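# Geometric and topological summary
Here is how the chains run, residue by residue.
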Amino acid sequence: MSASAANALNGFDRFGLDDTILRGVRAAGFVKPRQIQTETIPASLDGRDVLGLAQTGTGKTAAFALPMLERLLGRKANSPRALVLAPTRELATQIAEEFRTLSRHTGLNVVTIFGGVKIRSQINALRRGPDIVVGCPGRVLDLIGQRALHLNKVETLVLDEADHMFDMGFLPDIRKIMKVLPGKRQNLLFSATMPKEIRGLADEVLNNPHVVELANAAPAETIDHALYMIPEKRKLDLLEHIFNSEKCNSAIVFVRTKRRAKRLSDGLRKLDYQAFDLQGNMSQGQRDRTMRGFRERRFDILVATDIVARGIDVSNVSHVINFDVPNTPEAYTHRIGRTGRSEQEGIACTFVTGTDRAWVRATERMIGKQIPREKVEGFEPDIDRKPAATVQRRNKRPGGQKWGNSQKPSNQRRRRRRAG
Ligand code: AMP
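Residues numbered from 1 in each chain as written. Predicted model: local features only at pLDDT ≥ 70, side-chain atom pairs only at ≥ 80, totals over all residues. Heavy atoms only, no water.

### Details of the sheet that holds strand 2 (residues 82–85)
The strands that make up a sheet are held in pairs by hydrogen bonds between backbone atoms, and each pair lies either parallel or antiparallel. In spatial order, the strands read 3-4-2-5-6-1-7; together these seven strands make up an open sheet with parallel pairing. The open sheet has two free edges, formed respectively by strand 3 (110–113) and strand 7 (210–213), since each of these has just one partner strand. Averaged over all neighbouring strand pairs, the angle between strand axes comes to 10°, with direction disregarded. Strand direction decides the pairing type here: strand 2 and strand 5 (residues 156–159), joined by four bridges, are parallel. By the bridge assignment, Ala-82 is partnered in strand 5 with Thr-156. Strands strand 1 (50–53), strand 5 and strand 6 (186–191) of the sheet are contacted by helix 10 (residues 196–205), whose axis makes an angle of about 170° with strand 6. (Pairing = 2+ DSSP bridges. Helix = DSSP H or I, 4+ residues; strand = E, 2+ residues; numbered from the N terminus. Axes fitted to C-alpha atoms, helices over the stretch in contact; angles between N-to-C directions. Contact = heavy atoms within 4.5 Å.)

### Brief notes about the sheet that holds strand 9 (residues 251–254)
What the six strands build is an open sheet, ordered 8-13-12-9-11-10; its pairing is parallel. For this open sheet the edge positions go to strand 8 (223–229) and strand 10 (275–278), each flanked by a neighbour on one side alone. Mean inter-strand twist for the sheet, computed between neighbouring axes without regard to direction, equals 20°. Here four bridges tie strand 10 to strand 11 (residues 301–304), and the two strands are oriented parallel to one another. By the bridge assignment for strand 11, Asp-277 is matched with Val-303. Helix 11 (residues 235–245) contacts strand 8, strand 9, strand 11, strand 12 (319–322) and strand 13 (346–352) of the sheet and is inclined by roughly 160° relative to strand 13. Of the strands in this sheet, strand 9, strand 10 and strand 11 touch helix 12 (residues 258–270), which is tilted by about 170° from strand 10.

### Re helix 4 (residues 60–72)
Here helix 4 is 13 residues long and its end C-alpha atoms lie 19 Å apart, about the 18 Å a rise of 1.5 Å per residue gives. When you tally the buried positions in helix 4, you get 11 out of 13 residues, the bulk of the element. If you check which residues of helix 4 are buried, you get Lys-60, Thr-61, Ala-62, Ala-63, Phe-64, Ala-65, Leu-66, Pro-67, Met-68, Leu-69 and Leu-72. (Expected span 1.5 Å × (residues − 1). Buried < 20%, exposed > 50% of the residue type's maximum accessible area, 1.4 Å probe, protein only.)

### A few points about the confidence of the model for the protein chain
Per-residue confidence for the protein chain averages 83 on the pLDDT scale, and 84% of its residues sit at or above 70. Contacts of residues 1–8 to residues separated by more than four positions or lying in other chains number five contacts, the stretch itself having pLDDT below 50. Low pLDDT, under 50, characterises residues 382–420; the stretch is placed with 72 contacts to residues that sit more than four places away or in other chains. (pLDDT = per-residue confidence, 0-100.)

### Here we look at the environment of Thr-305
In this structure, Thr-305 sits in the loop between strand 11 and helix 14 (306–309). Thr-305 sits 51 residues away from Phe-254 along the chain, and the two C-alpha atoms are 5.6 Å apart. Residues within four places of Thr-305 in sequence aside, it is in contact with Phe-254, Val-255, Thr-257, Lys-258, Ala-261, Leu-278, Gln-279 and Gly-280.

### So, the pairing of strand 8
For strand 8, the tally of buried residues reaches five of seven residues, placing the bulk of the element in the interior. In terms of strand pairing, strand 8 meets strand 13 through seven bridges, oriented parallel. Bridging across to strand 13, His-225 finds its partner in Ala-348.

### Remarks on unusual backbone geometry
One non-glycine residue, Glu-161, lies in the positive phi region at around 50°. For Glu-161, the position within the fold is in the loop between strand 5 and helix 8 (162–167). Note on Glu-161: relative accessible area 3%, which makes it buried. Even without being a glycine, Arg-297 presents a positive backbone phi close to 65°.

### So, the environment of Arg-26
Within the secondary structure, Arg-26 is located in helix 2 (residues 19–28). Separated by 14 residues in sequence, Arg-26 and Phe-12 place their C-alpha atoms 9.3 Å apart.

### Some thoughts on the packing of helix 11 against helix 12
A packed helix pair is summarised by two numbers, namely the angle formed by the two axes and the spacing between the axes. At a minimum axis separation of 12 Å, helix 11 and helix 12 run at an interaxial angle of 55°. Taken as axis vectors, helix 11 and helix 12 run oblique relative to one another. Pair helix 11 / helix 12 crosses with right-handed handedness. Contact residues: helix 11 offers Lys-235, Leu-236, Leu-239 and Phe-243, while helix 12 offers Arg-260, Leu-264 and Leu-268. Taken together, the residues that form the contact of helix 11 with helix 12 break down as five nonpolar, no polar and two charged. (Parallel < 35°, antiparallel > 145°, perpendicular 65-115°, else oblique. Left-handed = near helix turned anticlockwise from the far one by under 90°. Nonpolar A, V, L, I, M, F, W, Y, C, P; charged D, E, K, R; others polar.)

### Some thoughts on the nonpolar core
Proteins that are soluble and globular tend to have nonpolar side chains buried together. Membership of the largest hydrophobic core comes to 39 residues, with the highest contact counts inside it found for Leu-66, Phe-99, Ile-132 and Val-134. Where this core is concerned, the elements lending two or more residues are helix 2, helix 3 (35–45), helix 4, strand 2, helix 5 (89–103), strand 4 (132–135) and strand 6. Of all the elements, helix 4 adds the most residues to this core, at eight residues. With near-sequence residues (within four places) excluded, Val-134 lies in contact with Val-84, Ala-92, Ile-95, Ala-96, Phe-99, Val-110, Val-111, Thr-112 and Ile-113. Formed by 34 residues, the second largest nonpolar core is a distinct cluster that contains Leu-126, Val-133, Leu-151 and Met-165. (Core = buried A, V, L, I, M, F, W, Y, C linked by side-chain atoms within 4.5 Å.)

Take a look at the structure:
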């Protein structure tokens, strides 16, 4: 196709993908390619290595999936020809689901492998000779060790959320996996941020890559940021205030530890909110059920730790609330990327205590702007009032009022009731 003909097409047909793949694109409901897709698919189709600096939500999964499917079409091997490594089970599952949608008319098949579940069913699935394996590094290594996974036919390697894999300590595992891959292969590396360790990994893995950098991984323009100075003891009251006074469709509330996630979700349920936690102490079955429930809108509030909530894609999350600030400024970008997705509007609220000032400075430097300070009457940091009761001391209120219910008593009314 000539360049002018390609420019005239603004849909996915511009890439010259096989019709079986375009049917998958239509099944996914994609009409127009996203920027990351326009800018990486042609190079990937040519077999070039790609370095994509893009946060989740930009459409990067399809950006690597579509050219990979095109290149895999028509030939079969009895072992995987493409390997996608992702940091978490949730992300691996999400990637595999997108592959399944896009590849449904191609005859190519995908297997997902991750830890925390019995290995036997994954061994059986691998015996059926999948074309594509999507997995987390630890379990991939396990399966290689058990001789259930043979990667000597891999033609394309994808490292997704490379920065997160580094945060989780997966770099040594990734290096071990790369040793069993054929030297001649295509490599695609995606990362939302580029700390020096990932720059080093990219130099090691990629060969003269086509580099695409989306807005320096800055948070989406559609996100409104708000910073609340609040003493630790009053965070729950402020959370309730936000739930009651703003139009929330659904929210992800981030906390620092697994224990805090459980405590806060238990506490919110006692207050009649539909809230559940998602954290690393849960079994895979529990995590899957929770994720499904949240996606299907069977409950509205997900209380999560960083470890499981990065990279996941749930549409229509109106609020991300950093109940505790994240460990690093980069993690802020990842967390708030759960809202404002697919060009929809989103609100990112961050609760900040006196000890978080250095984090605020570093984060504002990173995102290149000041996060607007939000003052809420009754929640000024310096007010000398009796601290609110902690989550576990609250009693269940009668009546079973639901999230967003305007009948829910205001904080002031509840305070009065407690005082009385
Ligand atoms: P990702 O960055 O891969 O997590 O993608 C975020 C979301 O955007 C996913 O739900 C994708 O299915 C969706 N998506 C990807 N590409 C497109 C597109 N061209 N048009 C509409 N939605 C898309």
